[in-house]
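# Chains, contacts and geometry: an overview
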Amino acid sequence: MQYVSTRGSAPALGFEETMMTGLARDGGLYVPAEVPTMTSEEIASLAGLSYEEIAFRVIRPFVADAFEADELRGLIKTAYAGFDHPARAPLKQLAANGFLLELFHGPTLAFKDFAMQLIGQLMQAALARSGARITIVGATSGDTGSAAIEAFRGLDNVDVFILYPHGRVSEVQRRQMTTPSEDNVHALALHGHFDDCQARLKDMFNDHAFRDEVRLAGVNSINWARVLAQVVYYFSAATSLGAPHRPVDFTVPTGNFGDIFAGHVARRMGLPVGRLIAATNQNDVVNRALTTGEYRTSEVTPSISPSMDIQVSSNFERALFDAYGRDGAAVAQLMDELRGQGGFAISQGARESLAESFGSGMADEAATLARIRATRDATGELVCPHTAVGLEVADAAERAEAPMVTLATAHPAKFPDAVEQATGLRPPLPSRMADLYDRAERVAEVENDLAALQTLIRDRISK
Ligand SMILES: Cc1ncc(COP(=O)(O)O)c(C=O)c1O
Ligand SMILES: N[C@@H](CCOP(=O)(O)O)C(=O)O
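Each value, and the rule that gives it
Residues numbered from 1 in each chain as written. Chains lettered and ligands numbered in written order. Predicted model: local features only at pLDDT ≥ 70, side-chain atom pairs only at ≥ 80, totals over all residues. Pairing = 2+ DSSP bridges. Helix = DSSP H or I, 4+ residues; strand = E, 2+ residues; numbered from the N terminus. Axes fitted to C-alpha atoms, helices over the stretch in contact; angles between N-to-C directions. Contact = placed C-beta atoms within 7 Å. Near = placed C-beta within 6 Å. Nonpolar A, V, L, I, M, F, W, Y, C, P; charged D, E, K, R; others polar. UniProt positions renumbered as here; feature names shortened; annotations may be inferred. Core = buried A, V, L, I, M, F, W, Y, C linked by C-beta atoms within 7 Å. Buried ≥ 20, exposed ≤ 12 C-beta atoms within 10 Å, placed from the backbone. Parallel < 35°, antiparallel > 145°, perpendicular 65-115°, else oblique. Left-handed = near helix turned anticlockwise from the far one by under 90°. pLDDT = per-residue confidence, 0-100.

### So, the sheet that holds strand β3 (residues 91-95)
- Spatially, the six strands line up as an open sheet ordered β3-β4-β14-β9-β10-β13, and their pairing is mixed. Taken across any chain shown, the strands that pair with only one partner, and hence form the sheet edges, are β3 and β13 (359-362). Each neighbouring strand pair of the sheet contributes to a mean axis angle of 25 degrees, computed without reference to strand direction.
- Both strand β9 (residues 248-253) and strand β14 (residues 404-408) contribute to a ladder of three bridges, which runs parallel. Looking at the pairing, F250 lines up with V405 of β14.
- On top of the sheet, helix α10 (residues 224-240) reaches β3, β4 (98-102), β9, β10 (273-280) and β14; it is set at about 140 degrees to β9, its chief contact.

Written out as structure tokens, the structure is:
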């Protein structure tokens, strides 16, 4: 399988190189040249299989040039062995036709673990073959960072640098990133917001000399392997609700558009995904782009769902690539306008194509709090604020024919202040993390300055 860049001018790569490369050298994101499809019979046969076996069958065609079947099976098994729930991604019924897909039973309590634990295994296998050493730099609004640290901590051929926006993540998220004591973990609190972290990360990738010097690798959803691993739970959820014999709708709390793009890939593989709805918080650039045809960034406003406080939604580029008929030059032009003018207009044809693929909605702070409270009152469940954004938007869209699955993207205990504000209840951390507040923190405050960041990274990896 070959992967091509959304900007059309980087070389096509096989899976292993795509995973180890992260961002394409023309600044674009890698996507499969052709998406493999599954027949209705193949999809039907997934019902009742373990999560690991579904993962194997969904992922295998994308990675067959890099991993033998037995090796892949073993890596998948190891990746999910540390999850707290035997189903890995259990479905919980909340209403007659409304379901929660719980994606927070991994080591760091957010959906990121599904992909990060797996690419941790895949990357280690690739590094063992090549004998190389890499420098991972990640940008996070809270959850990617802790998941990446958990997946790579303690490895002697990997350094992990995580840029998070100083003062703009929850205390639990911060402590998950700053308390690991391994020397290869470097938490960096950047003076700025998440978009600044992500922009500096992309600057590092676009500085080819630096990227080659430190052997830069990326584990954000700019890395295709992250998106691929997230495709699996759409299959596990939909087949347990009757797919392929009936369509299933999904509502996805959305920031960087990676998780919902994984649903789009599942649909392109043949899964009967009905509606795919992006649910944003008050930072609703994606909702506005989908409803008005104008992608225009504004100031990031801190919210009680901080992991979605994003204005430059990086995977939207992958959706645009498909909507523009895979015209890399057109996407490159839009991305230039985004960088230079803070936004761009989507052509009428692309807008119609996006509307066929995605719906959208927004929940503001008051609605999010009210939804946490109402969910607790109606079902007894405590949900995190990101999940509540999803439930609020799903409720506005719900219809009787197809089941509606809302992705529960994080454990409520990661955001105890918001949950307590809504319900008066403070969700406890799992016992394995009970001493999180007592552990010593280790973090460097850094300026939003590319050269200073590069110097810090060079200094630390040379020690
Ligand atoms: C808890 C949580 N929910 C939702 C999202 C949004 O997901 P995506 O960035 O893939 O759109 C994130 C961040 O990625 C998150 O951490
Ligand atoms: N919400 C994310 C932001 C980064 O997203 P990613 O999926 O591109 O890694 C976070 O929690 O860090």
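### As for the site of ligand 2
- Around ligand 2, a shell composed of T140, S141, G142, D143, T144, G145, N220, S221, G255, N256, G258 and S307 is seen.
- Per-element accounting of the shell around ligand 2 gives the leading share, three residues, to helix α6 (residues 143-152).
- Split by residue class, the shell around ligand 2 holds no nonpolar, 11 polar and one charged.

### Description of the UniProt feature "domain: Tryptophan synthase beta chain-like PALP" (unreviewed entry) in the protein
- Annotation from UniProt places "domain: Tryptophan synthase beta chain-like PALP" (unreviewed entry) at residues 100-332.
- This span, residues 100-332, is 45% helix and 18% strand, and a straight line between its end C-alpha atoms measures 37 Å.

### Examining the nonpolar core
- Counting residues in each nonpolar core, the largest one holds 154 residues, and the members touching the most others are L101, I119, I136, A148, I162 and Y234.
- With 12 residues, the single largest contributor to this core is α10.
- Aside from chain neighbours lying at most four places away, what touches L101 is A89, L91, Y233, A237, V405, L407 and A408.

### With respect to the sheet that holds strand β15 (residues 444-446)
- As summarised here, the arrangement of the five strands in space is β8-β5-β6-β7-β15, forming an open sheet in which the pairing is parallel. Lying at the two open borders of the sheet, with one neighbouring strand each, are β8 (216-217) and β15.
- Where strand β7 (residues 185-190) lies against β15, three bridges are found, and the strand directions are parallel. Counted as the bridge partner of L188 is A444 from β15.

### Some details on the packing of helix α4 (residues 69-80) against helix α5 (residues 112-130)
- Where α4 contacts α5, the axes come no closer than 8 Å and their chain directions differ by 135 degrees. Judged on the interaxial angle alone, α5 and α4 are oblique. Both α4 and α5 take part in a crossing whose hand is right-handed. Where α4 approaches α5, its residues E71, L75, I76, T78, A79 and Y80 are matched on the opposing element by Q117, L118, Q121, L122 and A125.
- Across the contact of α4 with α5, the residue classes break down as seven nonpolar, three polar and one charged.

### Examining the environment of A394
- For A394, the position within the fold is in helix α17 (residues 385-397).
- For A394, a count of 29 C-beta atoms within 10 Å corresponds to the buried category.
- Along the chain, A394 and D249 lie 145 residues apart, while their C-alpha atoms are 9.4 Å from each other.

### Description of the confidence of the model for the protein
- Residues at a pLDDT of 70 or more form 100% of the protein, whose mean pLDDT is 97.
- Across the interfaces of the predicted complex, the ipTM metric reaches 0.99, alongside a pTM of 0.98.

### Some points on unusual backbone geometry
- In this chain, A243 is followed by P244 through a cis amide linkage whose omega measures 10 degrees.
- Locating P244 in the fold gives a position in the loop between α10 and β9.
- Positive phi values are uncommon outside glycine, yet R88 reaches one of about 65 degrees.
- Mapped onto the elements of the fold, R88 is located in the loop between α4 and β3.
- Take R88: there are 23 C-beta atoms within 10 Å of it, and that puts it in the buried class.
- At F257, a position not held by glycine, the phi torsion is positive, near 70 degrees.

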